2 protein chains.
Amino acid sequence: MNKFTYQDLFSFSKQILLNIGCPEEDASLAAKVLLSADLRGVDSHGVARLSGYVRLWEKGRINPTPNVHVSYETPSTAVVDGDGGLGLVVAPFAMKVAIEKAKKAGTGWVSVKNSNHYGIAGYHAMMALEHDMIGISLTNASPLVSPTFSKERMLGTNPISVAIPAKNQPPFVGDMATTTAANGKLEILQRKNLDAPLGWVQDAEGIPTTDANGVKKGGALLPLGGDREHGSHKGYILGSIVDIFSAVLSGANYGPWAPPFVAFLEPDPNPVGEGLGHFFGAMRVDAFRPADEFKSHMDNWISRFRSAEPIPGHEKVLIPGDPERELEAERMENGIPLIKPVEDDLRVLGEKFGVVL
Amino acid sequence: MNKFTYQDLFSFSKQILLNIGCPEEDASLAAKVLLSADLRGVDSHGVARLSGYVRLWEKGRINPTPNVHVSYETPSTAVVDGDGGLGLVVAPFAMKVAIEKAKKAGTGWVSVKNSNHYGIAGYHAMMALEHDMIGISLTNASPLVSPTFSKERMLGTNPISVAIPAKNQPPFVGDMATTTAANGKLEILQRKNLDAPLGWVQDAEGIPTTDANGVKKGGALLPLGGDREHGSHKGYILGSIVDIFSAVLSGANYGPWAPPFVAFLEPDPNPVGEGLGHFFGAMRVDAFRPADEFKSHMDNWISRFRSAEPIPGHEKVLIPGDPERELEAERMENGIPLIKPVEDDLRVLGEKFGVVL
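Please read all numbers here as calculations on a predicted model, not as lab measurements.

A word on the sheet that holds strand β2 (residues 69-74) of chain B. Residue and element names in this part refer to chain B. Across the sheet, which stays open at both edges, the seven strands sit in the order β2-β3-β4-β11-β5-β6-β7 with mixed pairing between neighbours. Strands at the two margins of the open sheet, each flanked by one partner only, are β2 and β7 (172-176). Averaged over all adjacent pairs, the angle separating strand axes in this sheet is 15°, with direction ignored. By the bridge criterion, seven bridges tie strand β4 (residues 107-115) to strand β11 (residues 276-284) in an arrangement that is antiparallel. When the sheet's bridge partners are listed, Val 110 is paired in β11 with Phe 280. The strands that helix α4 (residues 87-105) touches are β2, β3 (77-81), β4, β5 (133-139) and β11; relative to β11, the one it contacts most, it runs at about 30°.

Our next topic: the relation of the copies chain B and chain A. Superposing chain B onto chain A takes a rotation of 180° plus a shift of 0.0 Å along the axis, which leaves an RMSD of 0.0 Å. Read as a symmetry element, the transformation amounts to a two-fold axis. Rotation axis and chain B: the residue whose C-alpha lies nearest the axis is Gly 225 of chain B, separated from it by 2.4 Å. A share of 100% of the interface residues of chain B reappears at the interface of chain A, consistent with the copies meeting face to face through the same patch.

This next bit is on the confidence of the model for chain A. With 100% of its residues at a pLDDT of 70 or more, chain A shows a mean pLDDT of 97. Scored as a whole, the predicted complex attains pTM 0.98, and scored at its interfaces, ipTM 0.98.

All names here are of chain B. If you trace the backbone, Ser 13 turns up in helix α1 (residues 6-19). Of note is the side chain of Ser 13, whose polar atom sits 2.8 Å from the backbone oxygen of Leu 9. If sequence neighbours within four positions are ignored, Ser 13 has contacts with Ala 31, Leu 34, Leu 35, Val 47 and Leu 50.

With that settled, consider the interface of chain B and chain A. Listed as interface residues are 96 residues of chain B and, on the opposing side, 96 residues of chain A. Of all residues in chain B, the largest losses of buried area upon contact with chain A belong to Phe 149, Lys 234 and Phe 288 of chain B, amounting jointly to 10% of the total for that side. Applying the counting rule to chain B against chain A returns four salt bridges. Residue Glu 152 of chain A is joined to Arg 304 of chain B by a salt bridge in which the shortest nitrogen-to-oxygen separation is 2.7 Å. Counting every contact that joins chain B to chain A gives 38 residue pairs in polar contact (both at pLDDT 80 or more). Considering only residue class, the side of chain B that touches chain A consists of 55 nonpolar, 25 polar and 16 charged.

The next thing to look at is helix α10 (residues 340-353) of chain B. Residue and element names in this part refer to chain B. End to end, α10 covers 20 Å across 14 residues, agreeing with the expected 20 Å (1.5 Å per residue, within 8%). Of the positions making up α10, those classed as buried are Val 342, Glu 343, Leu 346, Leu 349, Gly 350 and Phe 353. End-on view of α10: buried residues confined to an arc of 125°, all on one side of the axis. Opposite the buried face of α10, by more than 90 degrees, sit the exposed residues Lys 340, Val 348, Glu 351 and Lys 352. In this structure, the buried side of α10 is in contact with β1 (2-4), α1, α3 (50-58) and β12 (336-338). Positive backbone phi, approximately 65°, marks Gly 354, located one or two places after α10.

Moving on, we get to the nonpolar core. Ile 134 and Phe 245 of chain A together with Ile 134 and Phe 245 of chain B are the most contacted members of the largest nonpolar core, which has 108 residues in total. For Ile 134 of chain B, the residues in contact, after removing those within four places along its chain, are Phe 245 and Leu 249 of chain A together with Ala 128, Val 162, Ala 163, Ile 164, Pro 165, Gly 281, Ala 282, Met 283, Val 285 and Phe 294 of chain B.

Taken as a whole and assessed by the stated rule, the structure comprises 42 salt bridges over all chains. A salt bridge links Asp 286 of chain A to Arg 284 of chain A; the shortest N-O distance between them is 2.7 Å. Among the ionic pairs, Glu 58 of chain B bridges to Lys 352 of chain B, the shortest N-O distance being 2.9 Å. Of the two residues, Glu 58 of chain B sits in helix α3 while Lys 352 of chain B sits in helix α10, which places them 294 residues apart along the sequence. Each of the salt bridges in this network shares a partner with another, and the network as a whole consists of Lys 151 and Glu 205 of chain A together with Glu 309 of chain B.

With that settled, the discussion passes to the pairing of β5 of chain B. Within a regular beta strand, the side chains point alternately toward one face of the sheet and then the other, so they alternate between its two faces. Residue and element names in this part refer to chain B. Counting buried residues along β5, seven of its seven residues qualify, which places the element largely inside the surrounding structure. Neither face of β5 is open: one carries Met 133, Gly 135, Ser 137 and Thr 139, the other Ile 134, Ile 136 and Leu 138, and all of them are buried. The pairing of β5 with β11 spans seven bridges and is classified as antiparallel. Residue pairing for β11: Ile 136 is matched across the bridge by Gly 281.

Mapped onto the elements of the fold, Ser 137 of chain B is located in strand β5. A polar atom in the side chain of Ser 137 of chain B sits 2.7 Å from the side chain of Tyr 118 of chain B.

Let us look at the sheet that holds strand β8 (residues 201-202) of chain B. Strand order in the open sheet made by the three strands is β9-β8-β10 (chain B), with antiparallel pairing throughout. The sheet is open, and its two edges are formed by β9 (208-209) and β10 (220-221) of chain B, each paired on a single side.

Looking now at helix α4 (residues 87-105) of chain A. If you check α4 of chain A, its first and last C-alpha atoms are 26 Å apart, about what 19 residues at 1.5 Å a residue would give, namely 27 Å. Directly after α4 of chain A, the chain includes Gly 106 of chain A, whose backbone phi takes a positive value near 100°.

Conventions used here
Residues numbered from 1 in each chain as written. Chains lettered and ligands numbered in written order. Predicted model: local features only at pLDDT ≥ 70, side-chain atom pairs only at ≥ 80, totals over all residues. Heavy atoms only, no water. Pairing = 2+ DSSP bridges. Helix = DSSP H or I, 4+ residues; strand = E, 2+ residues; numbered from the N terminus. Axes fitted to C-alpha atoms, helices over the stretch in contact; angles between N-to-C directions. Contact = heavy atoms within 4.5 Å. Least-squares fit on C-alpha atoms with pLDDT ≥ 70 in both. pLDDT = per-residue confidence, 0-100. Polar contact = N/O pair within 3.5 Å; in protein donor to acceptor, adjacent residues only side chain to side chain. Buried area = accessible area lost by both parts, 1.4 Å probe. Salt bridge = Lys/Arg side-chain N within 4 Å of Asp/Glu carboxyl O. Nonpolar A, V, L, I, M, F, W, Y, C, P; charged D, E, K, R; others polar. Expected span 1.5 Å × (residues − 1). Buried < 20%, exposed > 50% of the residue type's maximum accessible area, 1.4 Å probe, protein only. Arc of directions from axis to C-beta. Core = buried A, V, L, I, M, F, W, Y, C linked by side-chain atoms within 4.5 Å.

Right, dumping it as C-alpha cells:
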C-alpha cells in the first residue's frame, strides 16, 4: 500500500474537479471535504469516490457551476436548493446558512434539495465548533437498506453526525451510519474475499447472509440492530428520520427514490422530488447557558467517560471522535495510505484528464 | 391477567397523585401521560411506575407543587427549570414552550433541568402533531448502560422520540430506547424466569450474559448494536447525544450522575447539576415548505414503505407508530391488562392512601 501526502492528493483532486468545470473556489472546497475523509480514516468516502463523482458528471447528474441558493426561510430555518451541484460544495453552503441563522435566532436548521453525495457527514457538523455551536449533519443516500421485515431496499445508510464543543478537551464528534455497518466496511471485506458477520447483510430473499457481496446480488444492508430481537426496528426508525428531515422537508427524493451514487443502480425514472437531500442544524450553546459553563461541563463529561473502567482486554473507553482525530494527526504527518485498486483508479482518472498523481 | 378500564386506572392514578399533594390540574395531566404508556403497550412506563413516583416523593425527591418556569431564552430556545416537579408535568410544560417558540421562529428547542422521570418519550413528541409540527423528545435516565468497552454504567436507556405529521395517513411516531432492549423488556423476562438474548446485557465483569437479572447484579444494559462488531459504539454515540442535549445544555445531572428512578440505586451524593434532564424540539413543517405539500409527501412516504415487499413469514412492513396506535384503540375499547404483580402493587398503594382500585 503506497502512501501519499495530503497536499499531493488534495492538488490531484482539485485539478480533476477543475477539469470537469468547477470554479476554483468550489474545486478547492470539494477537494478539502473529500480529503477530510481520507485523513479521518473514513477511506470509503475520500479520494476513493472521486471517480464516482466524475461518473455522475459524465452522466449529466452533476452541475459543475450551480446557483446554490436559499429558496425559502424563517428566522430559524431555510431550504437550500443545491441546483444539482456537488454535495461537497452544497453542504458547506447550507451549513453556513444554519450557522448564520443560529447567530440571530439561537439555532438554525436547513434542509437541502437538489444535491448529491456530500462526503463525510462529520465535516459539515464540525463547521459549527469554532462558533461555540453544536453542529448536526444528516443526509439520505443510495437505497441499499431494507427496513425490518422488508425484502425491498428502501433507505440509504443515512448517517447522523453531531459535533459538540468542549473547553480544554477535544470536541465530541459522533459520525455514524444508521446501519450495522457502512457500505465501506463491506467493500474492505469484498476486496479481501472475507465473509461479513451475520447481522450486516441479508440476501435477495431477505435471509441473513455472510456474503460480503450480498448487496450487489440484490440483497440489502441491515439497519443498526441487525435483526428484530436486537433492535433493527430502531435502526429503521433512525434511517427514516434522517430520510424525512433531509428529503421530505426540503422537496428532494426520499426513500427508494433517492438518486443512487453506486454504479450498479440507476436513478428512478419517476422521481418524487429534486436530487438528494441533506439536513443541517446549528445550536449556539449560549442559547441555553453561558458558553464557558457549558464547555467546562463538557470537559467533565468527556474526562469522566474517558476514565470509565474498561473491560479486561480493552485498553480504554473511547470518546466519539477520538479515533478519527488521532488518525488525522498521524496521516497529516506520515501520509495517507491508498490500497492498490484506489491508486489504480486515480491513475486512470488522471490519464483521462492529463493530471499526474 | 385482569383488565381495567382506562377511566378506572386514570381516576386511581389521579387520586394517588392528589394524595401526595399535586394540584388538581397537575394530577390530571400526570395521570394522562402515565396512562398513555399503558394504552400504547409500553407497560413498563405506565401505572406500573406509579408506586415508583410515590417512593421518590417519600424520599423528598419530588416537589408536588413546583414552580416550573423558563429560566433562560432566545427566539428559538429556552431552558426550563422543573423545580423538582414530576417529569410527567414538567415535560408537557417544556414541550408547550417549544411549540410556542416554533410558532414565531419556525422552530423551538427546550432543554430542561431539575426534573425526573417523564413517562413515555412519545407522548411529548406527539403534542406537536396537531400544530402541523414535527415533535422531538429526548431524556436522560437512570445510569444502567455501559458504553462500548466499559465495565462501568455511565448512561441511561436515553430514548429518542420523533413524531411527524401526515395528511390522510396516521402520523410517523418513532419512540425508542438507544439500547438494544429497554429495561421494561428485561423485567418481563425476569418475571417469567426466562433468559435474555445475547447482546442485551453484560455482567459485572463486562462479559456478555443471558442472565435477565444481570443488571441488578451489577451488570449493565448494552447500547443499541449490542457489541462492537454490530455497532454498539453507535448506540453509545446516540445515548451520549441524548445525555448531553438533555443535561449538559440545561444544567441537569449527566452520565453516571443522573439521579436514578430504579429502587436499587441511590442518587450520587455529589451531583454535577440539578435533577434529571430532558430535551424537546418542535419544527413547523411550513417553516420548510407548505404544510399541505409536506403532508402529502409524508402520505406517499408512508404508503410506499407500508407496501414494501415483506420477507416470507412476515405479514407486512410496519411504519413506526403502527403497533402502538393499534394497541391504543384496542385497549381503549377492551381495557388495559395488568399483570398480577402490578395489580398487587397498585392495591398496596391504594390502601396506603385510602384509594380503591
